[in-house]
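Here's the letter readout for the chains.
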Amino acid sequence: MNFIKNFIAGAVIGVANIIPGVSGGTMMVILNVFDKIVDAISHFTRAVKKNLLYLLPILLGAAAGILAFSKGITFMLDNYPMITNFFFIGLIVGSVPLVCRSAFQKTGGSIEFRNIRPVSVIAFVLMLALLIFIAFFSPPEVAVNVKEINVDFGMMALLFFGGIIASIAMIIPGVSGSFVMVLFGIYPIITGAVAALLPFNMDTFLKVVLPIGVPAGLGIIVGLLVGAKLIDVLIKKFPQETYFGILGLLIGSLFDLYPGFAFDWQGAVAVLVLLFGFALAYFSSSEWLKNKFIKTKG
């Protein structure tokens, strides 16, 4: 049962990570697996078997989600952007209470809303301002035919280092790893290589997918290890400041996702899916649901 649950969570995270403007880290927060994934990656060698059994279904789910749903998500964003983005907005807003609880949760389990430190407010404002800046200055995507690209050493280096930065961003709630790939100019190259996997062709695989996938994949792995360790240290040493920063990133991401609003049937559906997304995220991370369905060991 845990394998299936983690596989589905991985699929959701994988789909989120291929959409510019949508944060895989945000989906980790919404699904209440953010801390567990960061801890499993950053302390992988301490309990290799345990962490591998936890991460494996998530990684398999992410790969399956990218392959199976990328075209569907792209179709929805191209044809029904307002409805699709309003659903993501609902998910993000519904996850805000979870982040607030994490920011104010004490070791003993009680929640204390006093003693907000000024540095925590500064972290919130800076991260909010960063996402608002990104929302207004994001570059347009450019279509690329990956079969015509010459993957030389310079391109491999760009894919490797761009993959590192993007994968660090992938696990930070509110920050879109795929958007970072857009900034580096490698997003259409990597997504084109993924799309070239199906239908499978050995010649295309050797000439296109492998030269692009190996340096990008290695960069992503390195970035995940470095990013997870960094976030793990920040959460343990500066929990309130870190979660306030995450809260700023979550709220700031709404500016990039907001597609405008129209008073027509799509607008009505958009409002409904926003409410559905909010309820889905809010109740899935609620203490009531956790106490009802998760048995804790005494």
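Structure's up top.
What counts, and where the lines are drawn
- Residues numbered from 1 in each chain as written.
- Predicted model: local features only at pLDDT ≥ 70, side-chain atom pairs only at ≥ 80, totals over all residues.
- Heavy atoms only, no water.
- Helix = DSSP H or I, 4+ residues; strand = E, 2+ residues; numbered from the N terminus.
- Buried < 20%, exposed > 50% of the residue type's maximum accessible area, 1.4 Å probe, protein only.
- Contact = heavy atoms within 4.5 Å.
- Areas by Shrake-Rupley, 256 points an atom, 1.4 Å probe, with all protein chains shown as cover.
- Salt bridge = Lys/Arg side-chain N within 4 Å of Asp/Glu carboxyl O.
- Expected span 1.5 Å × (residues − 1).
- Patch = residues over 30% accessible without salt bridge, like charges linked within 9 Å, V, L, I, M, F, W, Y side chains within 5 Å.
- Axes fitted to C-alpha atoms, helices over the stretch in contact; angles between N-to-C directions.
- Parallel < 35°, antiparallel > 145°, perpendicular 65-115°, else oblique.
- Left-handed = near helix turned anticlockwise from the far one by under 90°.
- Nonpolar A, V, L, I, M, F, W, Y, C, P; charged D, E, K, R; others polar.

Novice: Any chance you could explain the overall build of the protein here in plain terms?
Specialist: Within the protein, the secondary structure is distributed over 13 helices and 0 strands. Helices and strands in the protein line up, N terminus first, as α-α-α-α-α-α-α-α-α-α-α-α-α. A total of 298 residues make up the protein; the buried ones form 43% of that total. Contacts in the protein between residues at least 24 apart in sequence constitute 79% of all its contacts with a sequence separation of at least 6. Summing over all exposed atoms, the protein offers an accessible surface of approximately 16400 Å²; the carbon and sulfur share of this is 72%.

Novice: Help me understand the pattern of salt bridges in this model?
Specialist: Note on pairing: side chains with opposite charge can pair once their charged atoms come close. Under the criterion given, the structure shown has 3 salt bridges. Measuring nitrogen to oxygen at the nearest pair gives 3.0 Å for the salt bridge that ties Arg117 to Glu241. Taken as a pair, Arg117 in the loop between α5 (81-104) and α6 (118-136) and Glu241 in helix α11 (residues 239-257) lie far apart in primary sequence, 124 residues in all. Since its relative accessible area comes to 38%, Arg117 is described here as partly exposed. Classification of Glu241 by relative accessible area gives buried; the value is 16%. Ionic pairing is found between Lys236 and Asp232, a salt bridge with its closest N-O pair at 3.5 Å. With Lys236 and Asp232 both in helix α10 (residues 202-237), this residue pair falls 4 residues apart, about one helical turn. Residue Asp232 is classed as buried on the basis of its relative accessible area, which comes to 7%.

Novice: What exactly am I supposed to notice about helix α7 (residues 153-170) here?
Specialist: Residues lying three or four places apart along an α-helix face the same way, a consequence of the helix completing one turn every 3.6 residues. Taking 1.5 Å of rise per residue, the 18 residues of α7 would be expected to cover 26 Å, and the 25 Å separating its terminal C-alpha atoms lies within 8% of that figure. Among all positions of α7, only Met155, Leu159, Gly162, Gly163, Ile164, Ala166, Ser167, Ala169 and Met170 are buried.

Novice: I keep staring at the side chain of Asn17 and nothing clicks. Help me out?
Specialist: With respect to the helices, strands and loops of the structure, Asn17 is situated in helix α1 (residues 2-17). Apart from residues no more than four positions distant in its own chain, Asn17 is found in contact with Gly24, Met170 and Ser178.

Novice: Looking at this structure, how should I read a nonpolar patch on the surface?
Specialist: A cluster of nonpolar side chains, namely Phe3, Ile4, Phe7, Ile8, Val12, Leu31, Val48, Leu52, Leu56 and Leu60, defines an oily patch on the protein surface of about 820 Å² accessible area. Sorting the residues of the nonpolar patch by element identifies α1 and α4 (48-79) as the ones contributing at least two each. Looking at which element gives the most residues to the nonpolar patch, the answer is α1, with 5 residues. Mapping Ile4 onto the fold places it in helix α1.

Novice: Is there a simple way to think about α1 in this case?
Specialist: In this model α1 runs 22 Å from its N-terminal to its C-terminal C-alpha over 16 residues, within 8% of the 22 Å that 1.5 Å per residue would give. Of the positions making up α1, those classed as buried are Asn6, Ala9, Gly10, Ala11, Ile13, Gly14, Val15, Ala16 and Asn17.

Novice: What should I look at first to understand the packing of α5 against α11 in this one?
Specialist: Packed helices, taken two at a time, are described by the angle their axes make and the gap between the axes. Direction vectors running N to C along α5 and α11 enclose 170 degrees, while the axes themselves pass 9 Å from each other. Taken together, the axes of α5 and α11 are roughly antiparallel relative to one another. Pair α5 / α11 crosses with left-handed handedness. Residues Asn85, Phe88, Ile89, Ile92, Val93, Ser95, Val96, Val99, Cys100, Ser102, Ala103 and Phe104 of α5 pack against Gln240, Tyr243, Phe244, Ile246, Leu247, Leu250, Ser253, Leu254 and Leu257 of α11. For the contact of α5 with α11, the class distribution of residues is 16 nonpolar, 5 polar and no charged.

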